[in-house]
Amino acid sequence: MKPDNVLSMLGIAAKAGGVVSGGYQTEHAVKAGGAYLVIVAEDASENTKKKFRNMCGFYKTRIICYSDGETLGRAIGKEYRVCLALTDKGLAEAVQTRLLQISTE
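This structure is a prediction, so every number in the text was calculated from the model and none was measured. (Residues numbered from 1 in each chain as written. Predicted model: local features only at pLDDT ≥ 70, side-chain atom pairs only at ≥ 80, totals over all residues. Heavy atoms only, no water.)

**Student:** What is the right way to look at the pattern of salt bridges in this model?
**Tutor:** When charged atoms on two side chains of opposite charge get close, those side chains can pair. On inspection of all chains with the given rule, the structure shows three salt bridges. Between E27 and K51 there is a salt bridge whose closest N-O contact spans 3.2 Å. Note that E27 is positioned in helix α2 (residues 23-32) and K51 in helix α3 (residues 46-59), a separation of 24 residues in sequence. Classification of E27 as buried rests on a relative accessible area of 19%. (Salt bridge = Lys/Arg side-chain N within 4 Å of Asp/Glu carboxyl O. Helix = DSSP H or I, 4+ residues; strand = E, 2+ residues; numbered from the N terminus. Buried < 20%, exposed > 50% of the residue type's maximum accessible area, 1.4 Å probe, protein only.)

Shown next, in the form of structure tokens:
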């Protein structure tokens, strides 16, 4: 398994205090305008994905489905996490740039 730069970046963001995780905290960050990028696990329920897609669309926050809940949680030093929000603009842009690079490879 090759190292995943995105997960490493999420770990750095978490250590820097630029990540909130879990449904309630992610929702609060989006609604408060403090979330720059929301990541939802690919194995999240369709209802959860729809909820965050609709919310992020309304509040004009970028959203992406990536990885699985177990891996996302482990990357930020927590247990299983279905969703998380990056609250640091620079780190959010860096993660999104890397995700775009991965999708074009």
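Past the structure itself, the notes keep going.
**Student:** Just to check I follow, could you spell out the environment of G18 for this structure?
**Tutor:** Relative to the helices and strands, G18 resides in the loop between α1 (5-15) and β1 (19-21). Residue classification places G18 among the buried positions, given a relative accessible area of 5%. Measuring from C-alpha to C-alpha, the distance between G18 and G90 comes to 9.7 Å, with 72 residues separating the pair along the chain. If we ignore the near neighbours within four places in the chain, the residues touching G18 are A13, A85, L86, T87 and D88. (Contact = heavy atoms within 4.5 Å.)

**Student:** Explain the pairing of strand β3 (residues 62-65) here, please?
**Tutor:** Working note: regular strand, side chains alternate between the two faces of the sheet. Pairing analysis gives four bridges linking strand β2 (residues 37-40) to β3, with the strands arranged parallel. By the bridge assignment, V40 is partnered in β3 with C65. (Pairing = 2+ DSSP bridges.)

**Student:** Would you mind showing me how to read helix α5 (residues 89-104) here?
**Tutor:** Every α-helix winds through 3.6 residues per turn, so residues three or four apart in the chain are directed the same way. Taking 1.5 Å per residue as the helical rise, α5 with its 16 residues ought to reach 22 Å, and the 23 Å between its terminal C-alpha atoms agrees with that figure. What α5 keeps buried is the set A92, V95, R98 and L99. Angular distribution of buried residues about the axis of α5 spans 130°; they occupy a single face of the element. Relative to its buried face, α5 has exposed residues pointing more than 90 degrees away, namely L100 and T104. Of the surrounding secondary structure, the elements contacted by the buried residues of α5 are α1, β2, β3 and β4 (83-86). For α5, the capping residue at the N-terminal end is D88, with a side-chain oxygen 3.2 Å from the backbone nitrogen of G90. (Expected span 1.5 Å × (residues − 1). Arc of directions from axis to C-beta. Polar contact = N/O pair within 3.5 Å; in protein donor to acceptor, adjacent residues only side chain to side chain.)

**Student:** Sorry if this is basic, but what is going on with α2 here?
**Tutor:** The set of residues buried in α2 consists of T26, E27, A29 and V30. Along α2, the residues classed as buried sweep out an arc of 160° about the axis, all on the same side. Away from its buried face by more than 90 degrees, α2 exposes Y24, H28 and A32. Next to the buried residues of α2 lie β1, β2, α3 and β4. Phi turns positive one or two residues past the end of α2, at G33, with a value near 80°.

**Student:** Which parts of the structure should I look at to understand the packing of α2 against α3?
**Tutor:** Geometry of a packed helix pair, given as the angle between the helix axes and the separation of the axes. Running from N to C, α2 and α3 point in directions that differ by 15°, and their axes come no closer than 10 Å. Considered as vectors, α2 and α3 are oriented roughly parallel to each other. Both α2 and α3 take part in a crossing whose hand is left-handed. Where α2 abuts α3, its residues G23, T26, E27, V30 and K31 lie against K51, F52, M55, C56 and Y59. Split into classes, the residues belonging to the contact of α2 with α3 amount to five nonpolar, two polar and three charged. (Axes fitted to C-alpha atoms, helices over the stretch in contact; angles between N-to-C directions. Parallel < 35°, antiparallel > 145°, perpendicular 65-115°, else oblique. Left-handed = near helix turned anticlockwise from the far one by under 90°. Nonpolar A, V, L, I, M, F, W, Y, C, P; charged D, E, K, R; others polar.)

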